[in-house]
Amino acid sequence: MKRDLTRPSSLFRSLRRLLGVAITAGLMGGCTPIMLDDTPAEDHWQQATHWPLELPAPHADDRFMQLPAGDDQRLAAGDRLSVRVAGSELFDGSYEVDHDGRLRLPWLSPVEASNKTIDALADEITRRLVEEELIRPGLAHVSIRLEEWAPLAVAVSGAVFFPGEAVINTRLPEERMVRRDFAGGDASQQRRLSAALTTAGGIRPDADLSHIELIRDGQTQILDMRGLIDGEYAANPWLRVGDRIHVPSSGAFQAALMRPSPLTAPGIVIYASNLTTPANNNNVSNYTVLRSQVPYGVRMLQGVINANCVGGIQATSGSRRAVLISTNPMTHQPVVVDRGIDALLANPADVGVNPYLMPEDVVGCYDSGVTNIRDIARTLTDLLTPATLL
């Protein structure tokens, strides 16, 4: 009995119906397979309509000053010094301030060095050499030269992205070795207040730069640092052991602060996903390259482009959508933004449609409806191929 090859079997009829249903689902589903709790453009927290039109002017305060009194570098644990004593080589050498803040020279009782200037430390060692009868009065002449400033830990709180302990003036071991062999001093600027703010993730867009608080020895000093954003003079003091910095919030989002500056991080880390086919493991999905660093101040559109979600063939790449998962740094509430890429391209200046990216944001892209249909057809082809061999 011959088989009628012109008449499709019930298997093929079922598969054909399945193909029609899948294509219809792909067209109706478009590129967003799930319902998102999306934030409308007009309700996004970066919209200017949510904030006062003008920030409060700096108020008069008797604690306000441009620089703290006696603004000079002070020694701290780990600082390396070269000490020379005229007429006596017994004390000459390279020394490091100990963990307890004291300097230890041979035959001399420990000398308190923490929070002293280099000149003040030289005077103290001179006095102690005479006092402990190691050198005759009038013959003790001490010279101290700085070799390297050590890292310094200070506390930062308030309107910064990562408040807590900030360790400033850190260097790689290789750099320290090179400096130790060739450098004859240290002109590092990384123990200033601005370095502590950038180490703490940089100022948030709601920071009030006109009233930065520096708490030192139980006293609070108010500093105006707006000049570092405007390119003018501003207070930027050297920090000392035990200093604490607090950045108050202005209560308003300030787009002018959303750019690289001496008070913001040079770049932020975002996570991007653009997988057309879900991966079975991290190696296949190139997991290590999903963590990207972009300049501070970029917006969602740049993040989408960074994830390679824009461009390509119009028929298959058009009408794609992108999702931004972010956090409002002022309220610490999660924010989900679902935008069509065409809308991002058409409204790049609207912060509601195209918001600024915050550190640790996540950007993901969905395929277009055409790509969905293509993948469905490819899957059904894989199912049909074995059936044709029966």
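None of these values were measured; they are calculated from a predicted model. (Residues numbered from 1 in each chain as written. Predicted model: local features only at pLDDT ≥ 70, side-chain atom pairs only at ≥ 80, totals over all residues. Heavy atoms only, no water.)

Visitor: Could you clarify how one ought to interpret the overall build of the chain in this entry?
Guide: Secondary structure summary: the chain contains 9 helices and 15 strands in total. Residues counted as buried form 44% of the 390 residues belonging to the chain. If you take every contact in the chain between residues at least 6 apart in sequence, the share linking residues at least 24 apart comes to 68%. Working note: accessible area of the chain is about 21400 Å², and carbon and sulfur atoms make up 55% of it. (Helix = DSSP H or I, 4+ residues; strand = E, 2+ residues; numbered from the N terminus. Buried < 20%, exposed > 50% of the residue type's maximum accessible area, 1.4 Å probe, protein only. Contact = heavy atoms within 4.5 Å. Areas by Shrake-Rupley, 256 points an atom, 1.4 Å probe, with all protein chains shown as cover.)

Visitor: When you look at the state of the cysteines in this model, what are you seeing that I'm missing?
Guide: By definition, a disulfide links the sulfur atoms of two cysteines through a covalent bond. This structure, assessed with the given rule, holds 1 disulfide. The disulfide bridge from C309 ends at C365, spanning 1.8 Å between sulfur atoms. Across the S-S bond of C309 and C365 the torsion is about 95°, and the bridge reads as right-handed. Taken together, the positions of C309 in the loop between α6 (300–306) and α7 (314–317) and C365 in strand β15 (residues 362–366) put the pair 56 residues apart, joining distant regions of the chain. (Disulfide = S-S within 2.5 Å.)

Visitor: Could you clarify how one ought to interpret the packing of aromatic side chains in this entry?
Guide: Going through the model one piece at a time under the given rule, you end up with 4 aromatic pairs. Ring centres of F161 and Y296 lie 6.2 Å apart, and the angle between their planes is 75°; on these two criteria the pair is classed as edge-to-face. Of this pair, F161 sits in the loop between β6 (152–158) and β7 (164–168) while Y296 sits in the loop between β12 (291–295) and α6, and the two are 135 residues apart along the sequence. Of the two residues examined, F161 and Y296, each falls in the buried class. Here the aromatic rings of F253 and Y356 are separated by 6.0 Å at their centres, their planes lie at 40°, and the arrangement is tilted. Of this pair, F253 sits in the loop between β10 (244–247) and β11 (267–273) while Y356 is found in the loop between α8 (341–346) and β15, placing the two residues 103 residues apart along the sequence. Y356 carries the same exposure label as F253, and that label is buried. Over the ring of W238 we find R192, and its NZ or CZ is 3.8 Å from the ring centre. (Phe/Tyr/Trp six-rings, centres within 6.5 Å; stacked < 30°, edge-to-face > 60°. Lys NZ or Arg CZ within 6 Å of the ring centre and 35° of its normal.)

Visitor: Can you walk me through the sheet that holds β15 in this structure?
Guide: The strands making up a sheet associate through hydrogen bonds between their backbones, and the pairing can be parallel or antiparallel. The mixed open sheet is built from 5 strands, whose spatial order is β12-β11-β15-β13-β14. Every other strand in the sheet has two partners, leaving β12 and β14 (334–340) as the edge strands with one partner each. Each neighbouring strand pair of the sheet contributes to a mean axis angle of 25°, computed without reference to strand direction. Both β11 and β12 contribute to a ladder of 5 bridges, which runs antiparallel. Its bridge partner being in β12, I268 is matched across the sheet by V294. (Pairing = 2+ DSSP bridges. Axes fitted to C-alpha atoms, helices over the stretch in contact; angles between N-to-C directions.)

Visitor: Looking at this structure, I do not really get the pattern of salt bridges. What am I missing?
Guide: One side chain can pair with another of opposite charge once the charged atoms of both are near each other. Applying the stated criterion to the full structure yields 16 salt bridges. For R127, the salt bridge identified is with E124, shortest N-O distance 2.7 Å. Linking R127 with E124, this pair stays in helix α2 (residues 118–131), spanning 3 residues, or about one helical turn. We classify R127 as partly exposed; its relative accessible area is 40%. (Salt bridge = Lys/Arg side-chain N within 4 Å of Asp/Glu carboxyl O.)

Visitor: What am I meant to see in the environment of M358 here?
Guide: Residue position: M358 is located in the loop between α8 and β15. Residue contacts for M358: discarding those within four places in its chain leaves W45, Q46, F161, M258, I268, I270, S326, T327 and P329.

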